Amino acid sequence: MIRSMLYATDLGLYAPYVMQHALALARTFKADLYVIHVVEPIGLFAESVLQSYLDEKALSEWQSQGVTTVMATIEQRVLDSFREELGDGEQDLKLIRSVRVIQGDPCEVILDQLRKLSVDLLIVGSHSHATAAATPLGRTAARVLQLSTVPVYLVPSLQRRRSDDV
């Protein structure tokens, strides 16, 4: 029985398509839907650039407050995109229990959230970018499929489906 699901979105090109699958499953099973988006930590190059322009105090302040602000902004963007995508689908929005943006390695965060939320199903897209259509799976999707402790509902990218139809 599926009572709760986790939809891991990359906010990529196919995210609205994958979201429609997640919402359809939530409606079908009358299940709670949790949504997460993982932001990878800032790279060494970007950090060194920031260090060259900011003094130690400003950099520390940016790291503590700036990252929090950025994460909250991304969370709001996810919610706004859902509202825009759903239009009058207020009932569908009620299926979404939470939207969280978390910083870290995408696979590790997704697997950690599976455990913390005790969900029954994970929903992910196969790719985040149209250029990845030549490969069967994206890096995160492949890792999550290998390591997940719950069933994974994998949504193929539209690009991949169209090329297979030919």
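On a predicted model such as this, the values are computed, not experimentally measured, just so you know.

J.: An account of the side chain of Asp120 is requested, with residue identities and associated values reported.
T.: If you trace the backbone, Asp120 turns up in the loop between α5 (106–117) and β4 (121–125). Despite its burial, Asp120 pairs with no opposite charge; the closest candidate is Arg3, at 4.0 Å N-O. For Asp120, the side chain forms a polar contact with the main-chain nitrogen of Arg3, separated by 2.8 Å. If we ignore the near neighbours within four places in the chain, the residues touching Asp120 are Met1, Ile2, Arg3, Ser4, Val150 and Pro151.

J.: Give me helix α1 (residues 15–29): which residues, what numbers.
T.: The end-to-end C-alpha separation of α1 is 21 Å, in line with the 21 Å expected for 15 residues at 1.5 Å each. For α1, every residue scored as buried is listed here: Ala15, Tyr17, Val18, Met19, Ala22, Leu23, Leu25 and Ala26. Phi turns positive one or two residues past the end of α1, at Lys30, with a value near 50 degrees.

J.: Could you give an account of the packing of α5 against helix α6 (residues 139–147), with specific residues and numbers?
T.: Here α5 crosses α6 at 40 degrees, and the two axes come no closer than 9 Å. One element, α5, and the other, α6, form an angle in the oblique class. Considering the relative orientation of α5 and α6, their crossing is right-handed. Facing Pro106, Cys107, Ile110 and Leu111 of α5, the residues of α6 in contact are Thr140, Arg143, Val144 and Leu147.

J.: Give me the layout of surface pockets: which residues, what numbers.
T.: Counted as a void, the second largest pocket has a volume near 210 Å³. Taken together, 13 residues form the lining of the second largest pocket, with Ala15, Pro16, Ser81, Phe82 and Glu85 sitting closest to its centre. Secondary structure elements with two or more residues in the lining of the second largest pocket: β1 (4–9), α1 and α3 (56–86). Of all the elements, α3 adds the most residues to the lining of the second largest pocket, at six residues.

Calculation rules
Residues numbered from 1 in each chain as written. Predicted model: local features only at pLDDT ≥ 70, side-chain atom pairs only at ≥ 80, totals over all residues. Heavy atoms only, no water. Helix = DSSP H or I, 4+ residues; strand = E, 2+ residues; numbered from the N terminus. Buried < 20%, exposed > 50% of the residue type's maximum accessible area, 1.4 Å probe, protein only. Lys, Arg positive; Asp, Glu negative; His and termini not counted. Salt bridge = Lys/Arg side-chain N within 4 Å of Asp/Glu carboxyl O. Polar contact = N/O pair within 3.5 Å; in protein donor to acceptor, adjacent residues only side chain to side chain. Contact = heavy atoms within 4.5 Å. Expected span 1.5 Å × (residues − 1). Axes fitted to C-alpha atoms, helices over the stretch in contact; angles between N-to-C directions. Parallel < 35°, antiparallel > 145°, perpendicular 65-115°, else oblique. Left-handed = near helix turned anticlockwise from the far one by under 90°. 1 Å grid on protein atoms, 1.4 Å probe; cavity = no way out; pocket = protein on both sides within 12 Å on 5 of 7 lines; lining within 4 Å. Points joined across faces, edges and corners; volume = space filled by probe spheres on them.

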